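One-letter residues, chain by chain:
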Amino acid sequence: MESTYAARYAGWRTDPERFWAEAARSIDWIAPYERVFDPQRGPFGSWFPGGRLNTAANCLDRHVAKGAGERIALIWDSAMEGRVTRHTYRELRDRVAKFAGALAARGVAKGDRVVIYMPMVPEAAIAMLACARLGAVHSVVFGGFAAPELASRIDGAKPKLIVAASCGLEPGRVVDYTPILDAALGRASHRPDGCLIFQRPAAPAALVAGRDEDYLQAEAEAAPHDPVPVAATDPLYILYTSGTTGRPKGIVRDNGGHAVALAASIPLIYDAHPGEGAASDVMWTASDVGWVVGHSYIVYAPLLAGVTSVMYEGKPVGTPDAGAFWRVCAAHGVKTLFTAPTALRAIKQQDPDGKLLKAHDLSRLEALFLAGERCDPPTAEWIAALLGKPVIDNWWQTETGWPITARFRGLGLTPFKPGSGGRACPGYDVQALDAEGGAMTPGEVGALAIKLPLPPGCAPTLWQDDEGYRRAYLDAFPGWYRTGDAGMVDADGDVWVMGRTDDIINVAGHRLSTGAMEEVLAAHRDVAECAVIARHDPVKGEVPLGLVVLKSGVDRDEAAIAGELVALVRERIGPVAAFKTAIVVPRLPKTRSGKILRATMKQMANGTAPVVPPTIEDVSVLDQIATRLAGQG
């Protein structure tokens with residue numbers, strides 16, 4: 001059908017308050033809001049101030065009350081354990097209510113924080129929703145992070161309790177979580193009251209007396225807890241984006257705006273809908289609950305909309321092969337699959353002709369959604385041809401919580417332009433700006449920015465750091481939110497994201513700070529200075545490359561030092577960083593003011609002619625860098 005996108009977007013532009021008031025009707029409010037948006041409330045304005053609701057009740061209780069209790073809410077498919085479990089809305093509500101009771105019995109109340117350090121198991125989602133039921137604020141930490149990363153988040157959130165698992169499962173290995181938790185608590189200044197440990201059969205943990213309790217036992221013994229009303233402007237969760245030392249950046253999500261935006265996004269962007277009674281469309285977001293995509297589209301948005309969500313514990317390849325994704329889609333009747341381009345590149349590397357794909361019945365799969373990083377056009381075209389179904393790239397950030405751009409299946413789809421993230425969602429006015437904040441002409445690359453106010457669902461501030469939010473996002477272009485991405489908007493309104501403008505590296509869809517990695521390298525006893533840049537990788541999209549200058553007088557084997565640096569990053573940030581290469585160089589190229597020319601080195605490492613700024617201090621340094629890069633292939 002012809003897309004009705006233009007009319008819908010124009011409707012938002014004409015009367016944004018009416019647009020969001022209509023969207024808010026899909027949410028059950030305990031008390032009505034006073035205004036749709038109040039620019040004077042909160043540090044930077046507030047959505048739905050005065051309104052009261054409970055996010056967990058909107059995800060679960062209201063669907064049960066409307067007769068959909070036997071509808072499947074969550075399907076857990078674990079390739080690692082080789083089993084599948086299904087949880088109806090009623091069953092999930094009951095478990096969440098009891099785990100909320102367990103948290104409350106241990107002193108967790110409205111406004112308290114709970115850190116969740118768990119792998120891809122249903123109990124992670126249950127813990128998140130239980131916090132929401134109490135009005136407590138959860139902070140989920142990706143299970144691949146090492147002790148220093150976990151410690152920084154403990155000190156940032158200052159949780160009343162920590163909910164963790166005994167282990168995570170990876171192909172060919174078991175990752176013990178409790179030693180990491182022990183080390184993190186040893187490093188952290190904050191001391192939680194206790195820990196609830198979900199024991200997995202693969203590696204049960206020895207519980208620390210006086211600190212640890214068994215998750216399932218605590219849940220079983222608890223009395224169910226009713227939903228606690230919270231203000232629309234109260235925080236739902238904190239999600240930290242980067243940082244191993246100092247004060248990490250905690251993205252805050254509010255309750256009201258988040259619920260409205262995410263519920264609206266499911267029919268609009270994904271064209272997913274609950275059926276009558278137990279019937280429902282099935283969504284599968286192949287991410288991790290530790291990332292924003294998992295928060296939004298494994299847990300909250302599907303349940304707010306009343307559809308069925310798949311949670312997958314496994315990999316796109318190796319569990320057992322490159323047909324894993326297609327097996328899951330066929331087994332559960334998935335209508336929309338949402339994954340990162342890096343997963344597709346891994347599948348393409350193993351199964352370029354799609355033989356494993358063709359072995360599965362994908363008749364119920366209607367569309368493939370991509371996000372986490374820009375999908376290169378060859379990969380988008382390859383999978384579109386194999387599937388014969390729409391491939392829909394979309395662009396968004398941890399800060400926004402839901403897509404900035406998309407192609408809108410619910411409106412009939414905008415045209416397929418491989419390499420583009422689609423058009424701006426209603427609520428977002430996206431422009432490419434020049435250095436002075438002026439709008440670029442269509443097709444010209446600039447700094448991508450969003451006109452204020454940001455729509456509901458976006459982060460209203462940083463956790464206990466309003467000024468940090470202002471500096472990071474608002475000061476560069478007054479009246480605009482700085483995304484930190486560079487790109488262009490073409491004549492049709494399609495947005496093209498070309499890369500980051502800051503020091504965030506995108507490894508397999510995971511945004512990681514190169515600055516954090518540099519801190520680790522600089523901590524090595526032999527390193528004088530260093531730089532971490534992004535190098536193109538055919539599977540992960542980008543991987544970090546470390547360039548280090550040794551201290552004067554160091555006379556050790558360079559390969560040994562490089563190996564120690566790789567191990568150090570793995571220890572302090574975790575395997576998720578994919579840091580595997582460190583190169584010793586004589587000097588780093590700098591401007592006369594001392595700024596390291598990371599962009600120039602990145603161009604060299606990726607085989608493109610470097611742009612050499614006129615302010616370079618010594619151009620001969622680039623020849624030295626080129627020689628060392630060539631030596632590493």
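Residues numbered from 1 in each chain as written. Predicted model: local features only at pLDDT ≥ 70, side-chain atom pairs only at ≥ 80, totals over all residues. Heavy atoms only, no water.

### With respect to the overall build of the protein chain
In terms of helices and strands, the protein chain carries 19 helices and 31 strands. Computed over C-alpha atoms, the radius of gyration of the protein chain comes to 24 Å, within 12% of the 26 Å expected from 2.2 N^0.38 for 633 residues, which places it in the range of a compact globule. Of all 633 residues assigned to the protein chain, the portion counted as buried reaches 59%. For the protein chain, restricting intrachain contacts to residue pairs at least 6 apart in sequence, the fraction spanning at least 24 positions comes to 70%. (Helix = DSSP H or I, 4+ residues; strand = E, 2+ residues; numbered from the N terminus. Rg over C-alpha atoms; globule rule 2.2 N^0.38 Å. Buried < 20%, exposed > 50% of the residue type's maximum accessible area, 1.4 Å probe, protein only. Contact = heavy atoms within 4.5 Å.)

### Some words on the sheet that holds strand β18 (residues 336–339)
The strand order across the open sheet built from seven strands is β5-β4-β17-β16-β18-β19-β20, with neighbouring strands paired in mixed fashion. Edge positions in the sheet fall to β5 (83–88) and β20 (391–393), since each has one partner strand and no second. Ignoring which end each strand starts from, the neighbouring axes of this sheet average 20° apart. Direction of pairing for strand β16 (residues 282–285) relative to strand β17 (residues 308–313): parallel, over a ladder of three bridges. Opposite V282, over in β17, you have T308 as the bridge partner. Against the sheet, helix α11 (residues 324–332) contacts β4 (72–78), β5, β16, β17 and β18, and its axis sits at roughly 145° relative to β17. (Pairing = 2+ DSSP bridges. Axes fitted to C-alpha atoms, helices over the stretch in contact; angles between N-to-C directions.)

### Overview of the pairing of strand β9 (residues 167–170)
Every regular strand shows the same layout, with side chains that alternate between the two sheet faces. As judged from the four bridges shared by β9 and strand β10 (residues 173–176), these two strands associate in the antiparallel manner. Opposite L169, over in β10, you have V174 as the bridge partner. Between β9 and β10, which pair antiparallel in sequence order, lie two residues; one of them, G172, sits at a positive phi of approximately 80°.

### Points about the packing of aromatic side chains
Scanning all chains against the criterion turns up 31 aromatic pairs. Measuring from centroid to centroid gives 6.4 Å for Y237 and Y300, while their planes differ by 15°, and the two rings are stacked. Here the residue Y237 occupies a position in strand β14 (residues 235–240), and Y300 occupies one in helix α10 (residues 292–305), the gap between them amounting to 63 residues. With relative accessibility at 0%, the residue Y237 sits in the buried group. (Phe/Tyr/Trp six-rings, centres within 6.5 Å; stacked < 30°, edge-to-face > 60°.)

### Some remarks on unusual backbone geometry
Of the consecutive residues T319 and P320, the connecting peptide bond is found in the cis state with omega at 0°. Position of P320 among the secondary structure elements: in the loop between β17 and α11. The residue after L452, namely P453, is reached through a cis peptide bond having omega 0°. Within the secondary structure, P453 is located in the loop between β24 (446–451) and α15 (466–474). Even without being glycine, A578 reaches a positive phi, approximately 55°. Relative to the assigned elements, A578 resides in the loop between α17 (558–572) and β31 (582–584). A relative accessible area of 11% means that A578 is categorised as buried.

### Considering the pattern of salt bridges
Note that side chains of opposite charge can pair when their charged atoms are close. The tally for this structure, following the rule as stated, stands at 36 salt bridges. A salt bridge links R106 to E213, with the shortest nitrogen-to-oxygen separation between them at 2.8 Å. Taken together, the residues span a long stretch of sequence, with R106 in the loop between α4 (89–105) and β6 (113–117) and E213 in strand β12 (residues 212–214) at a distance of 107 residues. Judged by relative accessible area, which is 22%, R106 ranks as partly exposed. You can call E213 partly exposed: its relative accessible area is 34%. For D193, the salt bridge goes to K160, with nearest N and O atoms at 3.4 Å. (Salt bridge = Lys/Arg side-chain N within 4 Å of Asp/Glu carboxyl O.)

### Quick look at helix α7 (residues 178–187)
Those residues of α7 lying buried are T178, I180, L181, A184 and L185. Buried residues along α7 cover an arc of 150° about the axis, so they all sit on one side. Looking at α7, the residues exposed on the side facing more than 90 degrees away from the buried face are G186 and R187. Elements that come into contact with the buried residues of α7 comprise β6, α6 (147–157), β8 (161–165), β10 and β11 (194–198). (Arc of directions from axis to C-beta.)

### What to know about the environment of L365
Along the chain, the position of L365 falls in the loop between α13 (355–358) and β19 (367–370). Of the residues examined, L365 reaches a relative accessible area of 2% and is grouped as buried. Counting along the chain gives 82 residues from L365 to M283, while the straight-line C-alpha distance between them is 9.6 Å. Not counting residues within four places of it along the chain, the set of residues in contact with L365 comprises C329, V334, K335, T336, L337, L387 and K389.

### A short note on the pairing of β19
Across the two faces of β19 the burial is the same, with A367 and F369 and L368 and L370 all buried. Examined bridge by bridge, β18 and β19 share four bridges and lie parallel to one another. Pairing of F338 across the sheet is with F369, part of β19. Bridge analysis of β19 against β20 gives three bridges, and the strand direction is parallel.

### Observations concerning the environment of E571
In this structure, E571 sits in helix α17. Linking E571 and E519, residues 52 residues apart in sequence, is a C-alpha distance of 13 Å. In contact with E571, other than residues within four places in its own chain, are A146, A147 and P148.

### Section: the packing of α6 against α7
Between α6 and α7, the least distance of the axes is 8 Å, while the angle of their chain directions is 55°. Judged by the angle between their axes, α6 and α7 are oblique. Handedness of the crossing formed by α6 with α7: right-handed. In this structure, α6 contributes A147, P148, L150, A151 and I154 to the contact, and α7 contributes I180, L181, A183, A184, L185 and R187. Of the residues that constitute the contact of α6 with α7, the class distribution is ten nonpolar, no polar and one charged. (Parallel < 35°, antiparallel > 145°, perpendicular 65-115°, else oblique. Left-handed = near helix turned anticlockwise from the far one by under 90°. Nonpolar A, V, L, I, M, F, W, Y, C, P; charged D, E, K, R; others polar.)

### Looking at the nonpolar core
With 167 residues, the main nonpolar core has W20, F99, L103, Y300 and W402 as its most contacted residues. Sequence-distant contacts of Y300, defined by excluding residues within four places in its chain, comprise T55, C59, M128, L129, A132, H138, L236, Y237, H258, L262 and H295. (Core = buried A, V, L, I, M, F, W, Y, C linked by side-chain atoms within 4.5 Å.)

### Quick notes on the packing of helix α5 (residues 122–134) against α10
The N-to-C vectors of α5 and α10 enclose an angle of 55°; their axes lie 11 Å apart at closest approach. Looking at the two axes, α5 sits oblique to α10. Judged by the sense of rotation from one axis to the other, the crossing of α5 with α10 is right-handed. Touching A125, M128, L129 and A132 of α5 are H295, V299, Y300 and L303, all from α10. When its residues are assigned to classes, the contact of α5 with α10 shows seven nonpolar, one polar and no charged.

### Digging into the confidence of the model for the protein chain
Overall, the predicted model of the protein chain reaches an average pLDDT of 93, with 97% of residues at or above 70. Within the protein chain, strand β28 (residues 510–513) has the poorest average pLDDT of any element, 69, and α5 the best, 99. (pLDDT = per-residue confidence, 0-100.)

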